[in-house]
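# Examining the three-dimensional arrangement
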Amino acid sequence: MKTGKITAALAAGFVALCVILCSCSSGKTENADSAPVVMGSIVSVDVYGSDKRETAKLRDNAVEEVKRVDLVISKNNEQSELYKINQNSGKENKISGELLDYILETSEIYSLSNGRLSATSGALTEIWGIDTEQFRLPEKDEIKTAASLCDDSEITVTEEDMSSTVFVPEGQLFNLGSVGKGIACDRAAQVISQSESCEGAVISVGGSVAVFGKHDGNSVWKVGIRDPYGKSNEIFASLSVENSFISTSGNYEKKFEIDGKTYHHILDLSTGYPVENGLCAVTVIAKSGFESDALSTMCYVLGEKESAKILKMYDAQAVFIYSDKKVSVTDALKGKIEISNPDYTLK
Amino acid sequence: MERKLITKKDAVIIAVILFASAALVLSGRAFRAQGETAVISVDGKVYREIRLSDFSKKTQFSLDNGVVITAENGKICFSESDCKDKICIKTGEISKSGEVSVCVPNKTVIEIRGADGADNIITY
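Here's a quick rundown of the structure. Everything quoted here is computed from the prediction, not taken from an experiment.

## Quick word on the sheet that holds strand 5 (residues 75-80) of chain B
Residue and element names in this part refer to chain B. Spatial strand order, 3-4-5: three strands in an open sheet with antiparallel pairing. In this open sheet, the two edge strands, each paired with only one partner strand, are strand 3 (59-62) and strand 5. Direction aside, the axes of adjacent strands within the sheet are offset by 25° on average. Here strand 4 (residues 68-72) runs beside strand 5; their pairing, made up of five bridges, is antiparallel. Looking at strand 5, one finds that Glu 72 is bridged to Lys 75.

## A look at the layout of surface pockets
Residues and elements named next belong to chain A. The space that makes up the second largest pocket amounts to roughly 1000 Å³. Looking at the second largest pocket, it is lined by 41 residues, and the ones nearest its centre are Gly 177, Ser 178, Lys 181, Lys 254 and His 265. Looking at the lining of the second largest pocket, the elements that each hand over two or more residues are strand 2 (41-48), helix 2 (52-73), helix 7 (177-193), strand 10 (244-250) and helix 8 (289-302). Per-element tally for the lining of the second largest pocket: the top contributor is helix 7, with five residues. Among the residues forming the lining of the second largest pocket, the class breakdown is 12 nonpolar, 20 polar and nine charged. Counting the residues that make up the lining of the second largest pocket, at least three belong to each of domain 1 (81-175) and domain 2 (220-346).

## Considerations on the pairing of strand 6 (residues 100-103) of chain B
Residue and element names in this part refer to chain B. Here strand 6 shows a buried face lined by Ser 101 and Cys 103 and an unburied face lined by Val 100 and Val 102. Across four bridges, the pairing between strand 6 and strand 7 (residues 108-113) is antiparallel. Looking at the pairing, Val 102 lines up with Val 109 of strand 7. Connecting strand 6 to the next strand, strand 7, in antiparallel fashion are four residues, including Lys 107 with a positive phi near 50°.

## Regarding the pairing of strand 10 of chain A
All names here are of chain A. Most of strand 10 is tucked away, with seven of its seven residues classed as buried. What you see with strand 10 is no split at all: Ser 244, Ile 246, Thr 248 and Gly 250 on one side and Phe 245, Ser 247 and Ser 249 on the other are buried throughout. Looking at chain direction, strand 7 (residues 208-213) and strand 10 are connected through three bridges and run antiparallel. The residue bridging Ala 210 from the neighbouring strand is Phe 245, located in strand 10. Bridging between strand 10 and strand 15 (residues 279-286) involves six bridges; their strand directions are antiparallel. When the bridges of strand 15 are listed, Phe 245 appears paired with Ala 286.

## Some details on the state of the cysteines
Residue and element names in this part refer to chain B. Scanning the entire structure with this criterion turns up zero disulfides over all chains. As a non-bridged cysteine, Cys 103 has Cys 88 as the owner of its nearest cysteine sulfur, 3.7 Å distant. Exposure remark for Cys 103: the relative accessible area of 2% places this residue in the buried category.

## As for helix 6 (residues 140-147) of chain A
All names here are of chain A. Those residues of helix 6 that fall on the buried side of the exposure criterion are Ile 143, Ala 146 and Ala 147. Buried residues of helix 6, viewed axially, fall in a sector of 95°; they line one side. The exposed residues of helix 6 that point more than 90 degrees off its buried face are Asp 141 and Lys 144. In the core, the buried residues of helix 6 are packed alongside helix 5 (122-127) and strand 14 (273-274).

## So, a nonpolar patch on the surface
Residues B:Val100, B:Val102 and B:Val104 make up a contiguous nonpolar surface patch of roughly 240 Å² in combined accessible area. Note on placement: B:Val102 falls in strand 6.

## Quick word on the packing of aromatic side chains
Residues and elements named next belong to chain A. Counted by the stated rule, this structure contains eight aromatic pairs over all chains. Taking the centre distance of 5.6 Å and the plane angle of 80° together, the rings of Trp 128 and Tyr 273 count as edge-to-face. Here Tyr 273 lies in strand 14 and Trp 128 lies in the loop between helix 5 and helix 6, a separation of 145 residues in the sequence. Pairing Phe 135 with Phe 256 gives two aromatic rings, centres 4.8 Å apart and planes at 5°, and the pair type is stacked. Residue Phe 135 is found in the loop between helix 5 and helix 6, and its partner Phe 256 is found in strand 11 (residues 255-258); the two are separated by 121 residues along the sequence. Among the residues examined, Phe 256 registers a relative accessible area of 11% and is labelled buried. The ring of Tyr 263 carries the charged tip of Lys 261 above its face, separated from the ring centre by 5.4 Å. Positioned above the aromatic ring of Tyr 322, the side-chain terminus of Lys 347 is 4.2 Å from the ring centre.

Rules used throughout
- Each chain has its residues counted from 1, following the order in which its sequence is written.
- Each chain is given a letter, starting from A, and each ligand a number, starting from 1, according to the order in which they appear as written.
- Only residues with pLDDT of 70 or above have their local features reported here, since the model is predicted, and side-chain atom pairs are shown and tallied only from 80 upward, although totals for entire chains, interfaces and linings are computed over all residues.
- Side-chain numbers come from the whole structure's heavy atoms, not from hydrogens or water.
- The rule for pairing is simple: two strands pair if DSSP sees at least two bridges between them.
- Where helices and strands are cited, they refer to DSSP runs of H or I of at least four residues and of E of at least two residues respectively, numbered from the N terminus.
- Think of each axis as a best-fit line through the C-alpha atoms, taken over the contacting stretch in the case of a helix, with angles from 0 to 180 degrees between the N-to-C directions.
- Here a cavity denotes grid points, spaced 1 Å and computed from the protein atoms alone, that fit a 1.4 Å probe unable to get out, and a pocket denotes an open set having protein on both sides within 12 Å along at least 5 of 7 lines; residues with an atom within 4 Å of a point are the lining.
- Grid points are joined across faces, edges and corners, and a volume is the space filled by probe spheres set on the points.
- Only Asp, Glu, Lys and Arg are considered charged in this grouping, and only Ala, Val, Leu, Ile, Met, Phe, Trp, Tyr, Cys and Pro are considered nonpolar; every other residue, Gly among them, is considered polar.
- What fixes the domain bounds is an automatic or database domain assignment.
- With a 1.4 Å probe rolled over the protein chains alone, any residue whose accessible area is under 20% of its type maximum counts as buried; one over 50% counts as exposed, and the rest are partly exposed.
- Note on terminology: pairs of cysteine sulfur atoms within 2.5 Å are recorded as disulfides.
- The directions from the helix axis to the C-beta atoms form the arc being described.
- A contact between two residues is defined here by any heavy atoms of the two lying within 4.5 Å.
- Exposure above 30% relative accessible area and the absence of a salt bridge qualify a residue for a patch, where like charges join within 9 Å and nonpolar side chains (Val, Leu, Ile, Met, Phe, Trp, Tyr) within 5 Å.
- Values of accessible area rely on a 1.4 Å probe in the Shrake-Rupley scheme; residue burial ignores everything except the protein chains shown.
- Salt bridges are counted wherever a side-chain nitrogen of Lys or Arg sits within 4 Å of a carboxyl oxygen of Asp or Glu.
- Each pair of aromatic rings taken from Phe, Tyr and Trp, with Trp reduced to its six-membered ring, is defined by centres within 6.5 Å and is described as stacked if the planes are under 30 degrees apart, edge-to-face if over 60, and tilted in the remaining cases.
- Charge over a ring is defined by NZ of Lys or CZ of Arg lying within 6 Å of the ring centre and within 35 degrees of the ring normal.

Set out below in structure tokens:
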């Protein structure tokens, strides 16, 4: 009698297990959908290819690469190279070629902003509490002093015996937060694309996206653009793109309210305050994640008119989303954007 | 005493295990992102596309042909129709990609579309 019961229970358990396994095996077979968190953001990597074991490995390698990049450029991670250099501001610091490259590239692209963005914006973002999301409204004098410490022309690099040192005056702090996710996307994409097993992939590091190759034989990827006034999983439009890097800078991402006034995290170094120009988000499609990240921030700060020349320079496209839900796109995007929320209208 | 392969107690154990597994499966379904869109068409023309996840509360759509369609909790169904057979209403709720409910007399079709047209990723 007892064994009968056990057998029956085991049989039922087996059936139950089968039901669960069968119900879970549907959907994507490319990889597990677990989403690690790096750089304070969700990292997702889907690799397409017929060799599932290999694509799963590539995905893991890509996530590891994002973690590695974080240890180079994170402003908040106490283990990162950038953090250690910032701790030593005002002194000569040894610096890796990799971090030096990121800093100089960032400084170069932001030089087009006429001092409104820089690679050394850390002093200002710090007093606003933006990096740690412990927001506060600083005093005017405090803002003026901090903004004066965000000038990249003070960066001094010395190359000696195959190694480099970097110097910035005391109080100056590097901040690559506006390009970090894009850089991580670039590196992760590089890791994956080197493999022959990869037919295509889609990567997201905190909303900075890379798409390349094909998925199920299709080279066109649909990238949804978050609805600035909706929930985090709601989109207002979709872009159809191939082999691109896509980033969005929006005023909804990090914001806080003091005395009924809302402040967001995209600061204009020339004023020291958050940008107020009628835009609520800008999405940029470019050839690299670094460029899409940097350009989306720069387009947001400079506004649509001033951005046109710079976008052309980088052969990049942009979607400008205004607070009144009017949307403007660069010419090459016409026909490639589909607006799904009827509250938004294309200019 | 006759030996039974499955006693009442066994049946209870089996029922509990099956119920628990069903609950697990269903809860898994609930957590899955629901990007499904219901496409309502009348006489072959698209009348309306509805993103089902946007309708957690009961919402009714009254069509010109007298048909009433109800969306609720990510599911959709015919709730009123002046047709004789009421097959459309008997079909009940549909919610998964590929499912279809039809009212032939009123030439009205509800079709669920999923992954194909869905976005691969979101930028923010």
